[in-house]
Amino acid sequence: RGLDPELAVKEYEASLKESLDRKRQAQEAKGIMHKEKRDEAVTHFRSKFGPLDGATVSHFPGWRAEWRTLETCGQTHVKYFDPSGTSFGLIVNIEAMFGLRML
């Protein structure tokens with residue numbers, strides 16, 4: 001049909017790379033990143049401010065926490081929400097997100 005298959009493959013690969021980059025950036029904004037980068041960001045944050053805890057995070061201006069007790073095992077599941085509504089299941093992800101902003 002006159003289409004260049006090599007060009008189509010290159011366009012597809014470029015589109016896929018852009019999609020993966022957007023997904024990575026969205027995850028990093030939530031504090032989710034590769035272990036090495038996450039550890040670096042958390043260490044940087046903690047070196048300046050110390051470790052966070054749930055009580056501190058839930059009192060950040062505009063942040064909120066939701067608790068739910070899991071019926072089957074009795075564990076308490078906590079989710080933290082920033083002012084934009086982004087949820088964080090682990091405090092270390094919040095530390096990583098702030099640490100990444102500081103780097």
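In this text, all values refer to a predicted model and were calculated from it rather than measured experimentally. (Residues numbered from 1 in each chain as written. Predicted model: local features only at pLDDT ≥ 70, side-chain atom pairs only at ≥ 80, totals over all residues. Heavy atoms only, no water.)

Colleague: Quick one: what's the story with the sheet that holds strand β1 (residues 64-69), residue by residue and with numbers?
Modeller: Taking strand neighbours across the sheet as the criterion, the three strands line up as β1-β2-β3 in an open arrangement whose pairing is antiparallel. Across the chains shown, the open sheet's two edge strands, defined by having one partner strand only, are β1 and β3 (87-88). As judged from the two bridges shared by strand β2 (residues 76-81) and β3, these two strands associate in the antiparallel manner. Among the inter-strand pairings, Y80 is bridged to a residue of β3, identified as F88. (Pairing = 2+ DSSP bridges. Helix = DSSP H or I, 4+ residues; strand = E, 2+ residues; numbered from the N terminus.)

Colleague: I'd like a description of the pairing of β1, backed by residues and values.
Modeller: Looking at chain direction, β1 and β2 are connected through six bridges and run antiparallel. Directly across from A65, in β2, lies its bridge partner Y80. Hairpin connection, β1 to β2: the antiparallel pair is bridged by six residues, and G74 has positive phi, about 80°.

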